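Overview (structure and organization)
Here's the letter readout for the chains.
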Amino acid sequence: NAGVMQNPRHLVRRRGQEARLRCSPMKGHSHVYWYRQLPEEGLKFMVYLQKENIIDESGMPKERFSAEFPKEGPSILRIQQVVRGDSAAYFCASSPSKSMNTEAFFGQGTRLTVV
Amino acid sequence: GENVEQHPSTLSVQEGDSAVIKCTYSDSASNYFPWYKQELGKGPQLIIDIRSNVGEKKDQRIAVTLNKTAKHFSLHITETQPEDSAVYFCAASMNTGFQKLVFGTGTRLLVSP
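Okay, so let's go over this structure.

1. Here's the deal with the sheet that holds strand E8 (residues 75–79) of chain A
Residues and elements named next belong to chain A.
- Taken in spatial order, the 4 strands of this open sheet run E1-E3-E8-E7, and their pairing is antiparallel. At either margin of the open sheet sits one strand with a lone partner, and together these are strand E1 (5–7) and strand E7 (65–68). With direction set aside, neighbouring strand axes in the sheet form an average angle of 15°.
- In the sheet, E7 pairs with E8 via 4 bridges, with the strands oriented antiparallel.

2. Some words on the pattern of salt bridges
- Inspection of every chain in the model, using the stated rule, returns 9 salt bridges over all chains.
- Two residues, B:Glu39 and B:Lys37, come together in a salt bridge whose shortest N-O distance is 3.8 Å.
- Owing to a relative accessible area of 15%, B:Lys37 belongs among the buried residues under this scheme.
- B:Arg61 is the salt-bridge partner of B:Asp84, the closest N and O atoms lying 2.9 Å from each other. Taken together, the positions of B:Asp84 in the loop between strand E8 (72–77) and strand E9 (86–94) and B:Arg61 in the loop between strand E6 (56–59) and strand E7 (62–67) put the pair 23 residues apart, joining distant regions of the chain.
- Residue classification places B:Arg61 among the partly exposed residues on the basis of a relative accessible area of 22%.
- One salt-bridge network, in which partners are shared between bridges, spans A:Glu18, A:Arg20 and A:Arg78.

What counts, and where the lines are drawn
- Residues numbered from 1 in each chain as written.
- Chains lettered and ligands numbered in written order.
- Predicted model: local features only at pLDDT ≥ 70, side-chain atom pairs only at ≥ 80, totals over all residues.
- Heavy atoms only, no water.
- Pairing = 2+ DSSP bridges.
- Helix = DSSP H or I, 4+ residues; strand = E, 2+ residues; numbered from the N terminus.
- Axes fitted to C-alpha atoms, helices over the stretch in contact; angles between N-to-C directions.
- Salt bridge = Lys/Arg side-chain N within 4 Å of Asp/Glu carboxyl O.
- Buried < 20%, exposed > 50% of the residue type's maximum accessible area, 1.4 Å probe, protein only.

Shown next, in the form of structure tokens:
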């Protein structure tokens, strides 16, 4: 049973370009969470999605950031017109339900560097 | 909103010693407290968790204690081994209907042989 798969592992973008980060949840998991980790800091919640629905995006910047989890395919975190401050590790986690009685499994992250 | 503070930021111990990492949280509504281990270049991995209706939980060399009154919880690792070296994060979550975790800033644990 493959774990949470994120790709790419490393992504370099120039300022102003778009970054697309992909997350394939574990098999059977329909709940996806995105977190951002700045250097030397803890993870910060960004967004929680179920299939085809954004449930909570209270941690997402209002501009340039968007997320989706389509019926088919991986969840996508999209950052438009990237700036240097977007450089961070972005982690996706998935769980089979929203209940806190089930563990959310994290992927290995995508490390975004904006140059 | 919830705020989680974690101490110390770095911790160096000799193999076989115990290590203790402490966290405090601000929102008394938080009721789920997981601990994650993150190795270099990898994602966080859940190592132990505790819920607010329990004061202590143990799993082999790892234990977590929770003091709801003082709003703090701690991770205890006994008989440390070099492979325990990693960054450890505490987190807290309220019963918002889903796992919305607020993380501490992490503790870098180094276990020297």
